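What the coordinates show
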Amino acid sequence: MQLKTILNRVQKFKSFVYGSVRLIEGASVPTLEVELQPRLNSRAVCSGCGRKRPGYDRLPERCFEFIPMWGHKVFFVYAPRRTECPECGIRVERMPWVAGKHRQTEAYAWFLAGWAKRLSWQEVARAFRTSWDHVFCSVERAVSWGRAHQDLSGVTAIGVDEIAWQRGHRYLTLVYQIDGHCKRLLWIGEKRTVRSLLRFFRWFGKERSQALGFICSDMWKPYLKVIAKKAGNALNILDRFHIMSHLSKAIDQVRAQEAKDLQQKGYEPVLTKTRWLLLKRPENLTGQQEARLADLLRYNLRSIRSYLLKEEFQLFWSYTSPYWAGRFLDTWCTKTMRSQIEPMKKVARMLRRHRPLLLNWFRARKQFSSGIVEGFNTKAKLTTRKAYGFRTYHAAEIALYHALGALPVRKTTHEFF
Ligand SMILES: [Zn+2]
């Protein structure tokens, strides 16, 4: 059997035929070259307008990288024709195995992009003896095709989240679809301003925005303003994940300050290495941590009182009626305001300000668990962290869409996995 037979099975072209296959001796990496020729009497297609046009001349041979096999790099070798088109002038013909001016075939780009979902870009580059830039370029092509072909109908619930980026105080705004039947990353924008979210709604379109029923978000003011204005029919839900993370941040602040105070006053350092004890849910603690926590609870420390307030607040989520949840919230806020612990009071003030939105959680009958946005948040952070190669916003954007966008994949003639 000839290699051509396999090639014709996996990638057959209507107007081109495979010629001879050569093994290139002496190349640094074992290489196969596969010659391509136009089918007899076929006319070239103008790359400008996509119509068959008379030939003009032929360019020198070019190599297009195809999917490697058995440890060999594989290249298509073809001398492109130029067409003389009455509309577009003299143009290089359209070649079905490649798009634009790329030197990698479409099949190879999709192949690399597919692997880049399973491995880091660095690992993909190493495994297939190509460069990080080639992997990036392939993923970028897959993402832009996928974004152009994705179906945006039937989106009724979205979640808005932000993640810190590049360690500094730079943020990315992420918008997810969180419907029961479809969960995916829809959109990414730089910063977390009014304008970031406005850009999302502009992209998403007026009609689709009006059709939104639920939006989960944080208490971040710029977001709330835009949501109220652009998605007037949606119920804005402040989700559990964001609220609990505000409380965790407050406890962290209280604990750090108090540990410093104790040290300065020369007391026993009871608070060292207690960070996770206070941030974890009690049911997630190990036996040893549990004993340690029980010990800590004997002290009347600000950190401990904050911890107890946070644990008490968990009860809020177990209510079913918005009315009683509201009553609980009021009592909790009053109590916290009397605690004289400034970071906790700050959270209580914020919760009071957003009382109606908080109670929307119960009006939506808790159908959106905090798990959805939280899960995406974790994955997004992991994706940006893993990708130390991402110096630019653009690369991070591409990586996030690729990992979380659930984008459609172009159906090629053959699956190469
Ligand atoms: Zn043309």
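Conventions we followed
- Residues numbered from 1 in each chain as written.
- Predicted model: local features only at pLDDT ≥ 70, side-chain atom pairs only at ≥ 80, totals over all residues.
- Heavy atoms only, no water.
- Donors = N, O, S within 2.8 Å, 3.2 Å for Na, K, Ca; no water.
- Helix = DSSP H or I, 4+ residues; strand = E, 2+ residues; numbered from the N terminus.
- Buried < 20%, exposed > 50% of the residue type's maximum accessible area, 1.4 Å probe, protein only.
- Pairing = 2+ DSSP bridges.
- Axes fitted to C-alpha atoms, helices over the stretch in contact; angles between N-to-C directions.
- Contact = heavy atoms within 4.5 Å.
- Salt bridge = Lys/Arg side-chain N within 4 Å of Asp/Glu carboxyl O.
- Parallel < 35°, antiparallel > 145°, perpendicular 65-115°, else oblique.
- Nonpolar A, V, L, I, M, F, W, Y, C, P; charged D, E, K, R; others polar.
- Expected span 1.5 Å × (residues − 1).
- Phe/Tyr/Trp six-rings, centres within 6.5 Å; stacked < 30°, edge-to-face > 60°.

Focus on the coordination of the zinc ion
- Donor atoms from the polypeptide that coordinate the zinc ion comprise Cys46 (SG), Cys49 (SG), Cys85 (SG) and Cys88 (SG), at 2.3 Å from the metal.
- The motif formed by the donor residues of the zinc ion, counted along the single chain, is C-x2-C-x35-C-x2-C. Of the two residues, Cys49 is situated in the loop between β2 (31-38) and β3 (55-58) and Cys88 in the loop between β6 (81-85) and β7 (89-92); the sequence distance between them amounts to 39 residues.
- By relative accessible area, Cys88 is classed as partly exposed at 25%.

Quick notes on the sheet that holds strand β4 (residues 62-69)
- The strand order across the open sheet built from 4 strands is β1-β2-β5-β4, with neighbouring strands paired in mixed fashion. Where the open sheet ends on each side, the last strands, each with one partner, are β1 (16-24) and β4. Sheet twist, expressed as the average angle between the axes of neighbouring strands with direction ignored, equals 25°.
- Taken strand by strand, helix α1 (residues 3-10) contacts β1, β2, β4 and β5 (72-78), and its axis lies near 130° from that of β1.

Describing the pattern of salt bridges
- Applying the stated criterion across every chain yields a total of 20 salt bridges.
- Arg192 is paired through a salt bridge with Glu162; the nearest N and O atoms lie 3.2 Å apart. With a gap of 30 residues between them, Arg192 in the loop between β10 (182-190) and α5 (194-204) and Glu162 in strand β8 (residues 157-165) connect regions that are remote in the sequence. With respect to burial, Arg192 and Glu162 carry one shared label: buried.
- For Arg355, the salt bridge is made with Asp330, and the minimal N-O distance between the two is 2.9 Å. In this pair, Arg355 is assigned in helix α14 (residues 355-363) and Asp330 in helix α12 (residues 322-337), connecting sequence segments 25 residues apart.
- Connected via shared salt-bridge partners are Arg22, Glu33 and Glu35.

A closer look at the sheet that holds β6
- Taken together, the 3 strands give an open sheet; going across it, the order is β3-β6-β7, and neighbouring strands pair in antiparallel fashion. Two strands close off the open sheet at either side, each with one partner strand: β3 and β7. Along the sheet, successive strands turn relative to each other by an average axial angle of 25°, direction set aside.
- As judged from the 3 bridges shared by β3 and β6, these two strands associate in the antiparallel manner. Bridged to Gly55 within β6 is Thr83.

Things to note about the packing of helix α11 (residues 302-313) against α12
- Between α11 and α12, whose axes approach to 11 Å, the crossing angle comes to 175°. Comparing the axis directions of α11 and α12 gives the class roughly antiparallel. In this structure, α11 contributes Leu309, Glu312 and Phe313 to the contact, and α12 contributes Phe328, Leu329, Trp332, Lys335 and Thr336.
- Residues that form the contact of α11 with α12 fall into these classes: 5 nonpolar, 1 polar and 2 charged.

As for α11
- Here α11 spans 16 Å end to end across 12 residues, near enough to the 16 Å set by a 1.5 Å rise per residue.
- Along α11, the residues that are buried comprise Ser303, Ile304, Ser306, Tyr307, Leu309, Lys310, Glu311 and Phe313.
- Among the structural elements, α8 (240-264), α9 (275-279), α10 (287-296), α12 and α13 (342-353) are those in contact with the buried residues of α11.

What about the packing of aromatic side chains?
- A complete count under the given rule lists 32 aromatic pairs for this structure.
- Ring geometry for Phe16 against Tyr78: centres 5.5 Å apart, planes inclined by 85°, an arrangement best described as edge-to-face. Placement of Phe16 in strand β1 and of Tyr78 in strand β5 is noted, with a sequence separation of 62 residues between them. With respect to class, Phe16 is no different from Tyr78; both count as buried.

A word on unusual backbone geometry
- The backbone of Arg129 sits at a positive phi, close to 50°, despite the residue not being glycine.
- For Lys191, which is not glycine, the phi torsion reads 65° and is therefore positive.
- For Lys191, a relative accessible area of 55% gives the class exposed.

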